[in-house]
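What the coordinates show
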Amino acid sequence: MFKRITGTKDILPGEVSAWQRIEEIARNTFPLYNYKEIRLPLIEEAALFNRSLGEEAEVVKKQMFLIQRDHDTLALRPEATASVVRSYIENSLDKVQGFAKFYYIGAMFRAERPQRGRLRQFHHIGCEAIGSAQPQLDAEIISLADKLLKNFSVSGHRIRINSLGCPDDKKKLTQILKKSLGDNTSKLCQDCQERFQGNILRILDCKNESCKEIVAKLDIGQKHLCGACIGHFRQVTTVLDMLGVEYIVDDHLVRGLDYYTRTVFEISHPGLGAQDAIGAGGRYDNLVKQLGGSDQPAVGFAFGVERVLLVSADKVQGVSDKLVYIIPLGEEARQESMILLNELRQQGICADTDYLGKSLKGAMRQADSMGVKYAVIIGDNELKNKTVMLKNMKSGEQKELGRTALVKELSGN
Ligand SMILES: [Zn+2]
Ligand SMILES: [Zn+2]
C-alpha cells in the first residue's frame, strides 16, 4: 500500500468546504483593494530563490526542494514573492504598468523535517504591491491582512510591526547586534553561532530557550534607523491608528529573508502554540532591481492557509444540506430517476441518487447520514401517477406532487 509523503496532507472532501470558504473570502476581499490574481508555476530556477531570499536564509540553505535536470537546478517554490517579482520583470509589467497589485493562492514547498505541524507542502494566500514606496501602502497592506483575518472569522490575533530600515540601517542593526551580543555568543545555540556570522538578524527569532533569554535582554530600539526611515515608519503607524488597526511595535521583530527592508510585520495567534505565526510580510524595496528589473519598491504578505483554518471559528456548512437525494424503488423507477436527476441539475439543483439498490429504509438512512434536506421517493404508485414523493428530512413531512411542481418547489431552496 502506498502512503502519502510525510509532511504532506490529503484534503478530503469533508474538509474541502472549509478551504473553499477561505479561498472564496480571499477572492472577494482582494478585489475590494484592487489586487488582481496571478497564477505562477510551482517550479522555478533554484537560483531565483538563492538570489532573492539570500544564500544564508534557512529556507535556501536547508529547506529547498531541488530537482536536478541535466544542467539545470530547479526548485519547488518555497514562497511566492520571488516568483511574482520574476514574472513582473519578465513580462515587462514595470514598463507597461509601473504600479501593480497581485494576489495569489497556492501550494508552496519546503523540505523541512516535518515536526510540530510543519508541512513540506503547505498553502499560501498572499499579495504583493509593486512600484510604490509610500508608507500609506504599507498601512493598506497591513490593514488588508487584518481585514482578511476578520473575514475568515479569526479573532484574537496579534499584529507586531517593526522597521528594519534601508540597507544602510540594516548594516547598522547588524553592527549593533554584533556588539550587544558580544560576550554572550558562546551561550547561543549551534544554529545561532552560525547565524552570528551569516544572518545575525535571525538570532532574534530563535526558539531556543537560552537564546530567547539572551535576546530578551537586548535593548535594540530604533537606533539603527535613519531620519527618512523613522519618518516612513511613523507614517505607517499613523495611518494604522487612523484605520483603527490594532498592532504592537516590537523592535525584536525581524524576518529571516534577505529581501526585507523598512516595514516588517508578523501576525500571530495564541491558539497555535509555539509556532504561532499565521502570516507575515513587509517591504522589499530592492528586490525588483536586484533581480534585474527597474528600481521598484514593493510590499506584500502571505498567510499560511493551514494555520488560518486552525484558528478560524466558523463552522463550515457542507454542501450536502443543499442536496436532493432521489430514492428509486425498482428497476423502472431507477431508469425514471435518471431523467429527474437531469432535470433538477439543469435547474441548478444539486441532486444525486442511490446507486447501491438499497431498500427504502436503507436509502433513507443513507440520506440522513449525508445530512440532505430533501429525499424524493419514486415507487410503483408514483410511477403510475407520474408523481414523486417529496420528503423533508428535517420535519419528516412528506407530500406527493408532479414533476413540474417538484422542480418549482425545490428551486426555492
Ligand atoms: Zn534608512
Ligand atoms: Zn539560537
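Now for a quick tour of the structure. What you are looking at is a predicted structure, and each value in this text was computed from that prediction instead of being measured.

This next bit is on the side chain of Arg-283. The topology assignment puts Arg-283 in strand 10 (residues 277-283). On the accessibility criterion, Arg-283 (0% relative accessible area) is buried. There is a polar contact of 3.1 Å between the side chain of Arg-283 and the backbone oxygen of Ser-132. Looking at Arg-283, its side chain comes within polar contact range of the main-chain oxygen of Gln-134, at 3.2 Å.

To find the voids left in a structure, one rolls a probe of water-molecule size over its atoms. Space inside the second largest pocket adds up to approximately 440 Å³. Residue lining of the second largest pocket: 27 residues in total, with Lys-170, Thr-174, Asn-199, Leu-201 and Asp-258 positioned closest to the centre. Among the secondary structure elements, those contributing two or more residues to the lining of the second largest pocket are helix 2 (46-53), helix 7 (167-181), helix 8 (190-198) and helix 11 (287-290). With six residues, helix 7 is the largest single contributor of residues to the lining of the second largest pocket. A breakdown of the residues in the lining of the second largest pocket according to their chemical character gives nine nonpolar, ten polar and eight charged.

Per the stated rule, a full pass over the model turns up one cavity of 30 Å³ or more. Roughly 80 Å³ of internal volume is contained in the largest cavity. Taken together, the elements giving at least two residues each to the lining of the largest cavity come down to helix 3 (58-62) and helix 8. No other element matches the four residues that helix 8 contributes to the lining of the largest cavity. For the lining of the largest cavity, the residue count by class is no nonpolar, two polar and seven charged.

Coordination of the zinc ion (ligand 2) by the protein is provided by Cys-189 (SG), Cys-192 (SG), Cys-206 (SG) and Cys-211 (SG), with metal-donor distances spanning 2.2 to 2.3 Å. Considering all four donor atoms around the zinc ion (ligand 2), angles at the metal cover 105 to 115° and the coordination shape is tetrahedral. In the primary sequence, the donor residues of the zinc ion (ligand 2) line up as C-x2-C-x13-C-x4-C. One end of the pair, Cys-189, is in the loop between helix 7 and helix 8; the other, Cys-206, is in the loop between helix 8 and helix 9 (209-216), with 17 residues separating them in the sequence. By relative accessible area, Cys-189 is classed as buried at 14%. By relative accessible area, which is 10% here, Cys-206 ends up buried.

This next bit is on the sheet that holds strand 4 (residues 72-76). An order of 2-4-3 is seen for the three strands of this open sheet, with the pairing classed as antiparallel. Of all strands in the sheet, those with a lone pairing partner are strand 2 (43-45) and strand 3 (65-69), marking the two edges. Averaged over all pairs of adjacent strands, the angle between their axes in this sheet comes to 35°, without regard to strand direction. Sheet topology note: the strand 2/strand 4 ladder contains three bridges and is antiparallel. Counted as the bridge partner of Ile-43 is Leu-76 from strand 4. Running at roughly 70° to strand 2, helix 2 makes contact with strand 2, strand 3 and strand 4 of the sheet.

Take the packing of helix 2 against helix 4 (residues 81-90) next. Running from N to C, helix 2 and helix 4 cross one another at 105°; their axes reach a closest spacing of 10 Å. The orientation of helix 2 relative to helix 4 falls into the category roughly perpendicular. Touching Leu-48, Phe-49 and Ser-52 of helix 2 are Ala-82, Ser-83 and Arg-86, all from helix 4. When the residues that make up the contact of helix 2 with helix 4 are grouped by side-chain class, the tally is three nonpolar, two polar and one charged.

Listed as protein donors to the zinc ion (ligand 1) are Cys-166 (SG), Asp-169 (OD), Cys-226 (SG) and Cys-229 (SG); their distances from the metal cover 2.0 to 2.3 Å. For the zinc ion (ligand 1), the single-chain donor residues occur in sequence as C-x2-D-x56-C-x2-C. Residue classification places Cys-166 among the partly exposed positions, given a relative accessible area of 22%.

Nonpolar side chains tend to gather and get buried jointly when the protein is soluble and globular. Counting residues in each nonpolar core, the largest one holds 55 residues, and the members touching the most others are Leu-53, Val-85, Tyr-88, Phe-102, Ile-130, Leu-177 and Ile-203. It is helix 4 that contributes the most residues to this core, five residues altogether. Not counting the four nearest positions on each side in its chain, Ile-130 is found in contact with Val-84, Val-85, Tyr-88, Gly-98, Phe-99, Ala-100, Phe-102, Tyr-284, Val-288, Gln-296, Pro-297 and Ala-298. Membership of the second largest hydrophobic core comes to 37 residues, among which are Ala-145, Phe-152, Val-154 and Phe-303.

Between helix 6 (residues 135-151) and helix 10 (residues 227-243), the shortest axis-to-axis distance is 8 Å and the interhelical angle comes to 45°. In terms of axis orientation, helix 6 runs oblique to helix 10. Note that helix 6 runs across helix 10; the crossing there is right-handed. On the side of helix 6, the interface is formed by Pro-135, Gln-136, Asp-138, Ala-139, Ile-142 and Ser-143, while helix 10 contributes His-232, Gln-235, Val-236, Val-239, Leu-240 and Leu-243. Its residues assigned to classes, the contact of helix 6 with helix 10 comprises seven nonpolar, four polar and one charged.

This part is about the sheet that holds strand 7 (residues 158-163). Strand order across the open sheet formed by eight strands is 1-5-6-11-10-9-7-8, with mixed pairing between neighbours. Strands at the two margins of the open sheet, each flanked by one partner only, are strand 1 (36-37) and strand 8 (248-249). Taken together, the five bridges between strand 10 and strand 11 (residues 298-304) define a ladder with antiparallel strand orientation. If you follow Gly-279 over to strand 11, its bridge partner there is Phe-303.

Attention now moves to the pairing of strand 3. For strand 3, the buried fraction is low: zero of the five residues fall into the buried class. Across five bridges, the pairing between strand 3 and strand 4 is antiparallel. Within strand 4, the position partnered with Phe-65 by the bridge is Leu-76. Where strand 3 hands over to strand 4, the hairpin turn is made up of two residues, of which Asp-70 adopts a positive phi near 50°.

Procedures and definitions
Residues numbered from 1 in each chain as written. Chains lettered and ligands numbered in written order. Predicted model: local features only at pLDDT ≥ 70, side-chain atom pairs only at ≥ 80, totals over all residues. Heavy atoms only, no water. Helix = DSSP H or I, 4+ residues; strand = E, 2+ residues; numbered from the N terminus. Buried < 20%, exposed > 50% of the residue type's maximum accessible area, 1.4 Å probe, protein only. Polar contact = N/O pair within 3.5 Å; in protein donor to acceptor, adjacent residues only side chain to side chain. 1 Å grid on protein atoms, 1.4 Å probe; cavity = no way out; pocket = protein on both sides within 12 Å on 5 of 7 lines; lining within 4 Å. Points joined across faces, edges and corners; volume = space filled by probe spheres on them. Nonpolar A, V, L, I, M, F, W, Y, C, P; charged D, E, K, R; others polar. Donors = N, O, S within 2.8 Å, 3.2 Å for Na, K, Ca; no water. Tetrahedral: all angles 85-135°; square planar, octahedral: opposite > 155°, others 65-115°. Pairing = 2+ DSSP bridges. Axes fitted to C-alpha atoms, helices over the stretch in contact; angles between N-to-C directions. Contact = heavy atoms within 4.5 Å. Parallel < 35°, antiparallel > 145°, perpendicular 65-115°, else oblique. Core = buried A, V, L, I, M, F, W, Y, C linked by side-chain atoms within 4.5 Å. Left-handed = near helix turned anticlockwise from the far one by under 90°.

Everything listed here is a matter of coordinates, which is why it stays silent on function.
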